[in-house]
Amino acid sequence: MSKEIKIKRGKDIKLAGPADKIYASALYAETVALKPGDFIGIRPKMLVKEGDVVKAGTPLFFDKNHEGVKFVAPMSGTVAEIKRGDKRVILEVIIKVDQETVYEKHDIADVKGMNGEQVKEIMLESGLWPMVRQRPFDVIANPNEAPKAIFISAFDSSPLAPDYDFILHGQDASFQAGIEAISKLTAGKVHLNVRGNVKAADAFANAKGVQINKFVGPHPAGNVGVQIHHIDPIAKGETIWFVNPQDVATIGKFFISGQFEASRVIALAGSEVNNPKYYRTVIGAPAASILNGNTKEGSKRYISGNVLTGSRIEETSYVGFYDHQLTVMPENHDPEFFGWIAPNFGKWSASRALFSWLMPNKEYKLDTKMNGEERAYVVTGQYETVFPFEIYPQQLIKSIMIDDIESMEELGIYEVAPEDFALCEVVCTSKMPVQSIVREGLEKLRIESL
Amino acid sequence: MKVFRNLLDSVKPNFEKGGKLEKFYPAYDAFETFLFVPGHTANTGAHIRDAIDLKRTMVTVILAMVPALLFGIWNTGYQHFLALGQPDATFLEMFSYGAIKVLPIVIVSYAVGLGVEFIFGIINGHSINEGFLVTGMLIPLCLPIGIPLWMVAVATLFAVVIGKEVFGGTGMNIINVALTARAFLFFAYPTLMSGDKVWIDTATASGEALADGYTGATLLAQSTESATNYVNAAGVQYTDVFSSAFLGTIPGSIGETSTLAILLGAALLIYTGIGSWRIMLSGVLGGLVMSLIFNAFAVNPFMEVPAINQLVFGGFAFGIVFMATDPVTASQTTRGKWIYGFLIGVFAIMIRVFNPAYPEGVMLAILFMNVMAPLIDHYVIRGNISKRLKRVKVAA
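Residues numbered from 1 in each chain as written. Chains lettered and ligands numbered in written order. Predicted model: local features only at pLDDT ≥ 70, side-chain atom pairs only at ≥ 80, totals over all residues.

> Describe the overall build of chain B, with residues and values.
Helix and strand content of chain B: 17 helices and one strand. Computed over the C-alpha atoms, the radius of gyration of chain B is 23 Å, within 12% of the 21 Å expected from 2.2 N^0.38 for a compact globule of 396 residues. Along the first, second and third principal axes, the C-alpha atoms of chain B reach 70 × 65 × 35 Å. Looking at chain B as a whole, 53% of its 396 residues are labelled buried. Summarising the internal contacts of chain B: among those between residues at least 6 apart in sequence, 71% fall at separations of at least 24. (Helix = DSSP H or I, 4+ residues; strand = E, 2+ residues; numbered from the N terminus. Rg over C-alpha atoms; globule rule 2.2 N^0.38 Å. Buried ≥ 20, exposed ≤ 12 C-beta atoms within 10 Å, placed from the backbone. Contact = placed C-beta atoms within 7 Å.)

> Explain the overall build of chain A to me, and be specific about the residues and the numbers.
Secondary structure assignment for chain A yields eleven helices and 21 strands. At 21 Å, chain A has a C-alpha radius of gyration in line with the 22 Å of a compact globule built from 450 residues. By principal-axis analysis of the C-alpha atoms, chain A measures approximately 65 × 50 × 50 Å. By the burial criterion, 54% of the 450 residues in chain A qualify as buried. In chain A, the share of contacts with a sequence separation of at least 24, taken over all contacts with a separation of at least 6, comes to 70%.

> Provide a residue-level description of the interface of chain A and chain B, including the pertinent values.
Listed by partner, the interface residues are 60 residues for chain A and 50 residues for chain B. Examining the composition of the side of chain A that touches chain B, we find that four residues originate from one element, helix α10 (residues 422–427) of chain A, more than from any other. Taken together, the residues of the side of chain A that touches chain B break down into 27 nonpolar, 19 polar and 14 charged. Sheet topology places strand β21 (residues 336–337) of chain A next to strand β1 (residues 36–37) of chain B; two bridges connect them, and they run antiparallel. (Nonpolar A, V, L, I, M, F, W, Y, C, P; charged D, E, K, R; others polar. Pairing = 2+ DSSP bridges.)

> So, the environment of Asn193 of chain A: which residues are in play, and what are the values?
Residues and elements named next belong to chain A. Locating Asn193 in the fold gives a position in strand β13 (residues 189–195). As a C-alpha pair, Asn193 and Pro360 span 167 residues in sequence and 27 Å in three-dimensional space. For Asn193, the residues in contact, after removing those within four places along its chain, are Phe151, Ile152, Ser153, Ala154, Asn213, Phe215 and Gln227.

> Report on the domain arrangement of chain A, specifying residues and quantitative values.
Residues and elements named next belong to chain A. Segmenting chain A into domains produces domain 1 (4–9 + 116–257), domain 2 (29–106) and domain 3 (371–450). Taking only C-alpha atoms into account, the centre of domain 1 sits 25 Å from that of domain 2. If you look at the interface, domain 1 gives ten residues, while domain 2 gives 13 residues. Where the side of domain 1 that touches domain 2 is concerned, the elements lending two or more residues are α1 (116–126) and β11 (139–140). Sorting elements by how many residues they give to the side of domain 1 that touches domain 2 places α1 first, with three residues. Looking at the side of domain 1 that touches domain 2 residue by residue, the classes come out as seven nonpolar, three polar and no charged. (Domains from an automatic or database assignment.)

> Any chance you could break down the nonpolar core for me, citing the residues and the numbers?
Soluble globular proteins tend to bury their nonpolar side chains together. Residues and elements named next belong to chain B. With 245 residues, the main nonpolar core has Ile344 and Ile366 as its most contacted residues. Here this core takes 14 residues from helix α3 (residues 54–83), the largest share from any one element. In contact with Ile366, other than residues within four places in its own chain, are Asn176, Leu179, Gly319, Met323, Ala324 and Ile344. (Core = buried A, V, L, I, M, F, W, Y, C linked by C-beta atoms within 7 Å.)

> Outline the sheet that holds strand β8 (residues 77–84) of chain A, listing residues and values.
Residues and elements named next belong to chain A. Reading across the sheet, the four strands line up as β3-β9-β8-β5 and stay open at both edges, with antiparallel pairing between neighbours. Since the sheet does not close on itself, it has two edges, and those belong to β3 (31–34) and β5 (53–54), each with one partner. Bridge analysis of β3 against strand β9 (residues 90–97) gives four bridges, and the strand direction is antiparallel. Across the sheet, Val32 pairs through a bridge with Ile95, a residue of β9.

> Before we move on, can you summarise the sheet that holds strand β12 (residues 149–153) of chain A with the specific residues and values?
All names here are of chain A. If you walk across this open sheet you meet the seven strands as β1-β14-β13-β12-β15-β10-β11, and the pairing is mixed. For this open sheet the edge positions go to β1 (4–6) and β11, each flanked by a neighbour on one side alone. In this sheet, strand β15 (residues 240–242) lies alongside β12 in parallel orientation, the contact comprising three bridges. In the strand pairing of β15, Phe151 is matched with Phe242.

> So what's going on with the pairing of strand β2 (residues 20–25) of chain A? Which residues, and what values?
Residue and element names in this part refer to chain A. Little of β2 is tucked away: zero of the six residues are buried. Pairing between β2 and strand β17 (residues 277–282): four bridges, direction parallel. When the sheet's bridge partners are listed, Ser25 is paired in β17 with Arg280.

> Just give me the short version of α1 of chain A, but keep the residues and values in it.
All names here are of chain A. Here α1 has its buried residues at Val119, Lys120, Ile122, Met123 and Ser126. Buried residues along α1 sit against α3 (172–183) and α6 (245–257). Gly127 sits one or two positions beyond α1 and adopts a positive phi of about 85°.

> Any details on the pairing of strand β6 (residues 59–63) of chain A? Residues and values, ideally.
All names here are of chain A. Buried residues dominate β6, accounting for four of its five residues. As paired strands, strand β4 (residues 44–46) and β6 are joined by three bridges and run antiparallel to one another. Bridging from a neighbouring strand, Met46 pairs with Phe61 of β6. Pairing geometry for β6 and strand β7 (residues 70–72), over three bridges, is antiparallel. Of the residues in β7, the one forming a bridge with Phe62 is Lys70. Connecting β6 to the next strand, β7, in antiparallel fashion are six residues.

> Before we move on, could you go through the packing of α3 of chain B against helix α5 (residues 131–141) of chain B and cite the residues and values that matter?
All names here are of chain B. Between α3 and α5, the least distance of the axes is 9 Å, while the angle of their chain directions is 20°. The orientation of α3 relative to α5 falls into the category roughly parallel. For α3 against α5, the interelement crossing comes out left-handed. Contacts between α3 and α5 involve Met58, Val61, Ile62, Met65, Ala68, Leu69 and Gly72 on the former and, on the latter, Leu133, Val134, Met137 and Leu141. Residue classes in the contact of α3 with α5 are distributed as ten nonpolar, one polar and no charged. (Axes fitted to C-alpha atoms, helices over the stretch in contact; angles between N-to-C directions. Parallel < 35°, antiparallel > 145°, perpendicular 65-115°, else oblique. Left-handed = near helix turned anticlockwise from the far one by under 90°.)

> I'd like to hear about the packing of α3 of chain B against helix α11 (residues 259–272) of chain B, residue by residue, with values.
Residue and element names in this part refer to chain B. Interaxial distance between α3 and α11 falls to 7 Å at its minimum, and their mutual angle equals 170°. Taken together, the axes of α3 and α11 are roughly antiparallel relative to one another. Across from Thr60, Val61, Leu63, Ala64, Met65, Pro67, Ala68 and Phe71 in α3, the residues of α11 making contact are Ala261, Ile262, Leu264, Gly265, Leu268, Leu269 and Thr272. Split into classes, the residues belonging to the contact of α3 with α11 amount to twelve nonpolar, three polar and no charged.

> A description of the confidence of the model for chain B should follow, citing residues and the corresponding values.
Averaged over all residues, the pLDDT of chain B equals 88, while 95% of them reach at least 70. Per the prediction output, this complex has pTM 0.91; the corresponding ipTM is 0.89. (pLDDT = per-residue confidence, 0-100.)

Structural data, given as structure tokens:
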């Protein structure tokens, strides 16, 4: 049984510099890194020290909260540096990569014959587990819980997003193997959600053992939270797991070969890129190996991920574990003379108080300006236009601000993640840091639930 | 532009931490951000941001009030010369007479209100919000022209301090600030806020007030006598009272008389999405429904006033378009906005008709519904919560 769901509220922001559907090989990555900061809520405990030799798939650290959850080296080599920040927080575990990759070998029986516990065991052991995340809380799945369903969003609707139909072209076998593995993890269904108005890649269209649902509409239609809300909403005490489609294929490859192959396709996009395209590289690749001088002059911001939810990185840093995209935006710090009253033709706004609505098909070259200062809430009804949930967004945000746990639960905090509020944050007249507020609320509840 | 930038940069050190005027940083910040949208960039969350901000929003609302203001200025002059028996005065004479009378009220309102905002900003050390930019224009537009300037100052002071700052400033107030000012004057100085003498400025050139021979009553006041027979300032009967009231060539508060000018503003607010069309539409519907009910059971002239006339008389249109839609004091949920607007329309006409001592029913209706708005939202949100709880039970 498949469903077709229309998302009405939302907004597609058209930005300049989408990645062309051409593959390029990234420069050989001399180092790769894992950043514990990518995994929200974990307490990393190191298993290796600087100078240790590791194989691809050797655990580097584990989570003290859930000791089974291990994080492994994507490539073989030597642990070159464990970079620490304030209070000795581990920022990056950097591996100097060998010329030839050596893999940790796992004995794999045919996945069809395994039960859920066995699959879970081997995924935890091999370091694949962090690819499985959960709602509520938007963190790595708690292996001790049983999810009522597993969701895979086969498309990303955010600005300049990578096209998974393109990325997974020809990977039908590994994708299907991945589906078979993760479907063992739940007694419920596996939902594969594709874009309704384009033809999905064969890997998706021919996937077996899943319920394929079609979604039509603007961003955030591709967010897994929106899809869960419309298909199988989460109540207090329930859990749903979700996996990125490219990670499903990585999981599949592991169950075919018995080794952790960290290859990953990353889309390089943004107005400051000369030739935006797709790069074949690995998890934790250095940004520089992808950028490789392919950017324009001037002050720039590098974002691991998309412009709505990605994290800002240095040019010398590494792409995040959950990011399949590297975006380069212009950075601009010039104050604007009477900018609040000027026509501002080049700027984008969801509101008609400016003029961008006259040019719905224009590709905008936006910078990272706030375009105003933070203010108390004045305007209402603005979030609702870009927030396709049966939830009152502004009231939920306010309940988090005043730390009212009962209201947060009643208003539906278990169904949302910061990324679902990204557009609210963009359109907010009062310039509220909405995503960090949501994260704060989720973390509070998650810690209470431990 | 460069000049301003250099000036700002040269005085900035005084206001920063450690500078001798450190305490006044909010005041400096207000001027700096007024001249320049700061170049700061997104540090957390989304890396791109909408080009709109609160200043832009507020200036759009002010723009929407400009037609009403300009018309009010002209109408002040027009009514003056009409009452004096000089209807042949030129457009320019009327407009400049009106400007001399109206602009001081606007200036006093802004000066006092912004003064209070700055003082509170400095005391509390928070940046100065733009909320008063709109309030400062609303206050003059909802006052009669005969108002003494000191009363404008007192009312503004009262409204901003008691109506807003004690609740925590912009975005935190329960009732509409401009209406607080008006209600304060209405109850504190009733003789100067209603009756026949305040709506038209009848001072002659030599300074003495005009004797009898003109009628300064508003159409609402006249409605208690007859629903068909209205006279203008010169004592002549209106041939088409609806058209006159729609165009606005009638006595009344400065900005409220011309429904046409207000509709121009409404169009801008709805078009930009800054004013809630739901509140405006449901308010008009509420007013129509209540008027039609009164028409059906009419026992006095006021109840006989045609529904369509009720909408263009008095401050109904102005209140619905500019006051009821204030997002801070209105209902915040979509469904709540429909209920809130509709009830404002109903109560405005009800108060106006049942109690002619309070001809400005719309003011009281909006203030009452401001207080009720959180309750409406509460029930709308409870509805959503129980619906979502039920959904879970069905799924389970």
